[in-house]
Every structure is written in C-alpha cells, then in structure tokens.
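Close look at the chain arrangement
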Amino acid sequence: MVDPWAQHRPFSLQLLIYLCLLHQGDSGQPYLTSKDAPEEEAVSIQGVRGGSVELSCGSGPTSLVVLWSFIPTDSVVPRPVAVTDGASWKVEAGASTLGVVSLKNSSLLVEELQEGAQGHFLCQALHTSPGQLHTTYTYLTLAVLVPVYKPQVRLSDPSPVEGVSVEAMCVVREGTEPVTFAWYHEPPRGPGETLIGFTEPLLWLDPVNRTHLGWYVCSAQNVVNALSSDRVFLDVMYGPDKPVITVEPLGFTDEGFWASERQEVTLSCLAASNPPSHYVWLHDDTQIHTGPVYIIASAGRTHTGLYTCLAQNRHLDTRTQTTIRLTIYYPPERQPSCTVLPTPGAVTLLCTWPGGLPAAQLQWEGPQGTGPTAPSNVTWSHVAAGLPNNSVFTCTGQHPSLRKPALCRITLWEPPWSPTCRTTATVGDQFIMLSCEWPGGHPAAVLSWLDGQQQPLGGSSDSLAVHLLKAQGGLSGKEFTCRGSHPLRSTDLHCQIQLEAPQLAVAESQVSVLEGQEAWLECTLQGGVPPAQLLWLAPQHQQVEQSTSGYMLYSMSAQLHLRIRDADPAHHRGTYQCVAHNAVGNSSQDVRLEVLRYPAPPNVTISHLMYRRHRREVQLQWAIQGPGNLTGFLVQRRASVPSPGTGAWETAARDIEPESRDRLLGGLDPGVLYAFRILALNHRTAGHPSEVKTPVDPPFSAYPAVLGAAGTGMVVATVASLLVFQYAARHPQTFPCFGQLLIPLEHRDQQRGSEDPETHTGIETPVTSSSLDPGQEATDAPVSVTITMTATP
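Rules used in this analysis
- Residues numbered from 1 in each chain as written.
- Predicted model: local features only at pLDDT ≥ 70, side-chain atom pairs only at ≥ 80, totals over all residues.
- Heavy atoms only, no water.
- Helix = DSSP H or I, 4+ residues; strand = E, 2+ residues; numbered from the N terminus.
- Buried < 20%, exposed > 50% of the residue type's maximum accessible area, 1.4 Å probe, protein only.
- Contact = heavy atoms within 4.5 Å.
- Areas by Shrake-Rupley, 256 points an atom, 1.4 Å probe, with all protein chains shown as cover.
- Disulfide = S-S within 2.5 Å.
- Patch = residues over 30% accessible without salt bridge, like charges linked within 9 Å, V, L, I, M, F, W, Y side chains within 5 Å.
- Salt bridge = Lys/Arg side-chain N within 4 Å of Asp/Glu carboxyl O.
- Pairing = 2+ DSSP bridges.
- Axes fitted to C-alpha atoms, helices over the stretch in contact; angles between N-to-C directions.
- Core = buried A, V, L, I, M, F, W, Y, C linked by side-chain atoms within 4.5 Å.
- Phe/Tyr/Trp six-rings, centres within 6.5 Å; stacked < 30°, edge-to-face > 60°.
- Lys NZ or Arg CZ within 6 Å of the ring centre and 35° of its normal.

1. Digging into the overall build of the protein chain
Of regular secondary structure, the protein chain possesses four helices and 54 strands. Burial statistics for the protein chain: of 793 residues in total, 37% are counted as buried. Taking all contacts inside the protein chain whose residues are at least 6 apart in sequence as the whole, residues at least 24 apart take part in 60%. Accessible surface for the protein chain amounts to roughly 45700 Å². Of this, 53% is attributable to carbon and sulfur atoms.

2. Considerations on the state of the cysteines
Here a disulfide denotes one covalent bond, and it connects the sulfur atoms of two cysteines. Tallied over the full model, the rule gives eight disulfides. For cysteine 421, the disulfide goes to cysteine 495, at an S-S distance of 1.8 Å. In this structure the cystine formed by cysteine 421 and cysteine 495 twists about its S-S bond by roughly 75°; its chirality is therefore right-handed. Of this pair, cysteine 421 sits in strand β33 (residues 420-425) while cysteine 495 is found in strand β39 (residues 493-498), placing the two residues 74 residues apart along the sequence. Like cysteine 495, cysteine 421 is buried.

3. Quick look at the side chain of serine 229
You can see serine 229 is positioned in the loop between β16 (226-228) and β17 (232-234). On the basis of relative accessibility, which here comes to 8%, the residue serine 229 falls in the buried class.

4. A look at a nonpolar patch on the surface
Together, Phe431, Leu464, Val466 and Leu468 make up an exposed nonpolar region whose accessible area comes to about 330 Å². For the nonpolar patch, the element with the highest residue contribution is strand β37 (residues 464-470), accounting for three residues. Considering the arrangement of structural elements, one finds leucine 464 in strand β37.

5. Examining the environment of tryptophan 380
As for its placement among the helices and strands, tryptophan 380 is situated in strand β30 (residues 377-383). Residue classification places tryptophan 380 among the buried residues on the basis of a relative accessible area of 16%. When the C-alpha atoms of tryptophan 380 and glutamine 363 are compared, they prove to be 9.6 Å apart, with 17 residues separating the residues in sequence. The residues contacting tryptophan 380, other than those within four sequence positions of it, are Val347, Thr348, Leu349, Trp364, Glu365, Gly366, Gly369, Thr370, Gly371, Pro372 and Phe393.

6. Overview of the sheet that holds strand β29 (residues 369-375)
Taken together, the four strands give an open sheet; going across it, the order is β29-β28-β31-β32, and neighbouring strands pair in antiparallel fashion. Of all the strands in the sheet, just β29 and β32 (406-412) have a single pairing partner and so form its edges. Neighbour-to-neighbour, the strand axes of the sheet open up by a mean angle of 15°, direction not taken into account. Of the strand pairs in this sheet, strand β31 (residues 391-398) and β32 are connected by seven bridges, and their pairing is antiparallel. Within β32, the position partnered with cysteine 395 by the bridge is cysteine 408.

7. What about the nonpolar core?
Core analysis: the largest hydrophobic core is formed by 24 residues, its most contacted members being Leu521, Trp536, Leu562, Ile564, Tyr576 and Leu593. Elements that contribute at least two residues to this core include exactly β41 (510-514), β42 (519-526), β43 (533-537), β44 (551-556), β45 (559-564), β46 (574-581) and β47 (586-596). Here this core takes four residues from β42, the largest share from any one element. Dropping the residues within four chain positions of it, tyrosine 576 is found in contact with Leu521, Trp536, Leu537, Ala538, Pro539, Tyr551, Leu562, Ile564, Gln589, Asp590, Val591 and Leu593. In this structure, Leu55, Val101, Leu108 and Leu142 belong to the second largest nonpolar core, which totals 23 residues.

8. A few points about the packing of aromatic side chains
For the structure shown, the criterion picks out 11 aromatic pairs. Relative to tyrosine 329, the ring of tryptophan 258 has its centre 4.7 Å away and its plane inclined at 15°; by these criteria the two rings are stacked. Taken together, the positions of tryptophan 258 in strand β19 (residues 257-260) and tyrosine 329 in strand β25 (residues 318-329) put the pair 71 residues apart, joining distant regions of the chain. Taking the centre distance of 6.5 Å and the plane angle of 35° together, the rings of tryptophan 281 and tyrosine 294 count as tilted. Residue tryptophan 281 is located in strand β21 (residues 278-283), and its partner tyrosine 294 is located in strand β23 (residues 293-296); the two are separated by 13 residues in the primary sequence. Take tryptophan 281: its relative accessible area is 0%, and that puts it in the buried class. Taking the relative accessible area as the measure of exposure, tyrosine 294 reaches 14% and is therefore buried. Across from the ring centre of phenylalanine 431, 5.5 Å away, lies the NZ or CZ of lysine 470, which sits over that ring.

9. Let's talk about the pattern of salt bridges
Where charged atoms from two side chains of opposite charge come close, those side chains can pair. Under the counting rule described, the total for this entry stands at 22 salt bridges. With a closest N to O distance of 2.8 Å, arginine 49 and glutamate 174 form a salt bridge. One end of the pair, arginine 49, is in the loop between β1 (43-48) and β2 (53-55); the other, glutamate 174, is in the loop between β11 (166-171) and β12 (180-186), and 125 residues separate them in sequence. What makes glutamate 174 partly exposed here is its relative accessible area of 27%. Across the salt bridge formed by arginine 210 and glutamate 162, the nearest N and O atoms sit 3.2 Å from each other. Taken as a pair, arginine 210 in the loop between β14 (202-205) and β15 (214-221) and glutamate 162 in the loop between β10 (152-155) and β11 lie far apart in primary sequence, 48 residues in all. Among the residues examined, arginine 210 registers a relative accessible area of 29% and is labelled partly exposed. Here the salt bridges share partners, and the residues they tie into one network are Arg49, Glu115 and Glu174.

What follows is the structure, encoded as structure tokens:
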C-alpha cells in the first residue's frame, strides 16, 4: 500500500524555501535536531475519535509563513500537513488520515478525528522583527481517545444444569484503556436488577445453582463513556424437587387428609423445577389427570384412596413423586332416630343413627341431666317415677362433615281421654274383630283384651289391640273389656263392648202411590254390635243394588232408604223386605207397595179433517164426549186406509194441551193417503181412540174470482173514458167534433151547478174559458189518478 503522504503534489517554490529552513540530514530529508528542538516542553492535548480538536501555534506577532507537520508516535520523521502565508493555505492530501484538516488563521483544526492523528504536531512560524527574520517552534502531543464499544455478554453455557461451572465474559471490542466493568443480575421474579459487585470482565459461577437463574447485564466504562450490554438470560436447569401436595379445604387424619362428601376438593401439587415440571395424578395407581391442580367437583365415597403426584422434568428426564391418602367423610343418612319403649316402672330411650364415615357420636340429654354417649347407637333406661308430663329428651348427633349437630327429640306425654272399643266383622261374617284404640301419648299406651271373667285374651300391644272371635250364635249378649296402661299414669283405664244381634224398624209397612209417581221405603237400624249391614229385597226376593234400573238407594247413618222412580203396577207392586244382619244374628221387616192407576179420560170424536197447502198439511178439529179428567191429547196416523195388513200407528202430535181442540199437522207426503185418530190422556191412562178418518180436499169456488175480474175491468174502462173526454175538452182544436158537443154540455152543467150546487155530482173537470186567444197555447194542468183493484178469491 502506498503511503498517502507520498502521493501529494510537489510543494510550490515558496513551500520548498520554507522547508529549506529545516536542517538537512544525511538522508536528504529535513528533521529536527536537538539544537533545533524547541526549548519549551511539549503541550499535551486530548481528543475523542470522531470529534474535533484545534491546535494553536503559540502566540506572538503575525507570522509570515506557518508550517504544520505531524510526527507519528512510531516515527521521528515529520510529515508536512498544511502551510499558510496568511493570504492562502494549503493542506497536504496525506493529511486525510488525521481527519478533516483545515487552517484557521495559524491554528490547525482537525474534525472527524481519526486514531491516526495520535502523535506529535510541530508548528514552524516565520515572522519578522526589525531588520531580521525569526523562526518559532511549537510542539504539541495529541492523544486520541476511543469510546468503549457496546459490550456483549458471552456465556459458556446458556442452559447449564445445576451444579456445573459457568463462565460469563463481558466482551468490549474497543475503547481507550483503562476500562472498568460491572455485572448486574435480575431474577425472573425478583424486584429488579442488583449489582453483583464483580468488576472483572470474566464472571465465574462455580458451581451454578438455581439462584443464578435470570438476566445478566455487563457495563463497561472508560474516560470517554460508559455502555451496558443487552440482557442475556442464564437458564439454569434443575429439579424436579420432591412434590408438595396441598388439599383444600384442609382436614387432617392420622393417615392423611379428609374432605366432606359432595364438597369441592382441590388437590394442588408443586415441585420446583426448570423447565417447569409436567404433573401426572394417579388414584390408586390409575392415571386420572395431568396438570398441577386436580379438582374433584363433588367428592363421593369412591374418591377415597391414595393420590400420587408424579412430577417430571422432561428436559433433564428426571422425576419425583409424593403420595397422600384422601378419605371422603360422609354423614349418616337422614337424621338421628329417637324412640321410646315402655318398660315396667321406666322408659327406655333409644337413639340410632347408623352409617356414615366415621360413625356419628350420639348423646342423650334429659330434664334431669345428660345421659350416656356412644357412636351410632345409644340406649338410656330412665326411671318413669317423678317424670312430669311433656318431659323432653334430646339426642345430639355430631359428625365432622356437618357444620351443625343433628338433633332428635322425644316428648313424653300421656294419651288424652281413654281407650275406645269397637267391633267389626270380617268378610262373610266368619270372625268378629274386637278393636281397642287409645291414640296419642309417647310412648304409646299398652292395651290388652279381657273376657267377661277378666281373663286376658291374647297378648298386649301399643295404641291398638285387636282380637278375633269366631262367629257363633252364643255370642249375643257377651261383654268384653279393653285395659290400657301408660308409664306416666299411676292407674289403668278401661272400655267395654257387648255383642248384640241387629234390630230393625220401618217408617210405614204399607205404602200407596199413583202410577208414574215416586215411592219411598224407609228402614232404620236399631242396635247391633258389631255394626250390621242393611239391604233391600225386591218382591222377587232379589237384592236391590245401586245399579238396579228404576231404583235408588240412600244410606244415611243407620238408615237405608229405597226410592222407586216412575212407579209401574206391573213391575213395582208387591212386598219389599228390609234385612239387617251381622256376625251375631239378623233381622228383617216387610213393606207392602201398592201402585194405583189414574181413571180413564173421556172419549174423543173427530169433527173436522181437511187438507191444506197442496195436501202437505191437515187441519184437525175434535170434540170430547162425556165427563172425566184429562191431561192432554195424542194424535196418531198411518198410511192408507185401515185394511188388513196396514202399517202400525205412529204419533203425529203429542203433549197437546188439554184445552186445545184443533191442531195443524204438517210433514205429509202428497202422494200418500193417510188415516188419523186421536186419544185423550189422563197422565199415563189413555182413553178409547176416536173413529179413524181420512182428510178430504177443500171445495172449489170460481164465483168470487169472476166478480173480481169484472169489477176490475169496469173501473179501468171508466177511468180511461174520463181521461179521454178531459183531454178532448182541453184541446178542442185537436178533436173539433168532441169540442162542439162538450162545450154546450159544459155550459149546461155550469148553469145547473149555479142553480143547485148541492145536487151536483160526478167527476170534477177543469173549466175551459171560451175567450182564450186562438194564438195562445193552453197550459195543461197535471192530473192525479189512483186505481184500486181488489181481487176476492
């Protein structure tokens, strides 16, 4: 490479003269000798690379010529840099290695300073004094300072395994010495960067552990500047440690943890590891979940067992595990059950609450203090003497899975009133059941049956005592006693019952009703133990049921009423029997029912039977003959006249009021010949039918029609003639002949009218004046005519 200093153009003649002022050495090049060197000490100046520096050439009178030269630190040969004569200046091309060089008066200005500018600068100034030329020398030493470059952190292993050695090097590519270093560490979850306190470029971590994990920053500083590196993460691999399992909600047992049934249980597993552990949950050696948290939404009894958390570091291929036992506690079902049993002179209190894990703890407490305690089942025998009525005993059950204790209470109280005795019979009256009841009380009363000799019948029972007797005839009149006892009573109570055969009574033994009316037969039970069953037997000795047609049964307490609707002599007349029976005996009573008919109504004859409206209707009129009551009429008809083989009679009209004597019957077929008859009715009794008649056609009459037509024609002709004559009278020029005939006649009528106005009759016509102007047209007055036509059929 050619030295840039050798590539400059030849100096000018004046520059060469100036250079001749320098001493020539053996090599033919000018240089400073010791005698030429300035006597003063060199001035030291510092500059920063890339910056600017101004080198001053001393002070004194104005120089004629100033020459700047540069001597590198590794040489003693000066190199020309720039020269000026005050009017102009020139910079050597090779001076670009120093920076951007320029002259400012006699001072040398170097911008964009390069490291090559470090060395010695010599300024030679030629100036005049009176009558002489003098040369002054200025010697300067320039030190170029280099800023530190941005450092870099280099790790020997960015992901070391815990326990090995790691080197962290802070690398600075350039910078003026001395350079000082500082190290900073920021944990991943720490409060921030912390100064380690190590000032060397090499950070030695031996051995590395999990506390060294985090971000590292290196800072480099010299006299020029200070810079920090980018953050570098040291990822220390370790673990997993032995997992730690926590259970929420927290409950401890001798073997591990417990939780309540139907409760949400959270199992959390944590094992320190980098990278984070992969977790697997096992329940009794069966994998159930992956992840650090396993949630049992609603704990059940099947969730009891061993739970193992397996933590695995897949990067290091290491694993650890921890096992715990979880027991699901569940309370006994429902609530504690309290019962009391009567014993001679005492009461025995029983409290049970079976099931649950663990077993519930039970304890009795009474009005006189606490009683025994035991798990699941506790019994307390308490003396009855001295216990007041309504004494309260409480059994308290506690279980760890319940927030509040469960309670059951027993109140000891006497049953009210006294025992009640009753008796019933089994189906078929084979047995008689003696029942004794004394409800209420706690404990229940003890009941037992005694016979007439006060000997017990069977054993005793609580609240209800039942004894069966085989039905037989000799039981009527026998007496039985029920005895009741209670621990809170000092004396016993009794009730008696006596067996009896039933007795009957009827309201009337003879009942009479008219046909179609209702009949009521009443029967009353009088006595009978056990209760008897009542029933009615019809005249045919058949039992009357609710479903029997025409009958209705009404049972009221000890009465059974029989209602016979729409009584009919043929079906309902006869003797009815009321029967009562029980397991001891039976009884019966007879009632005679008479159904009477209504008297016959009077006879009826047809007085008029004629067709109407094209033989589709018939007008019927009738009359009655003889005395008698009646409630209506019945009209019957049939097709064709009576003859052998004719059809049956059908009803044409019914429910006709008894006051009616005519009826218009419709719905006939004009092509059928009908026969009619009528009957009188007295309720359900019908009289003799009338004679059978067929309807006749009405007679034909044309005389009214002829007269009506003739009268109508005459009226029409008269009105027309009057209109013609009136028109002719008003218009004589149209009908001259009629005009000559009508005018005298009109005058005559006027004369007669003036002589005798009272005798004037006829149709009034308008008067026509004879003095009308022939050329003036007459005005026609309006004429109103009304024609009335009446036709008589």
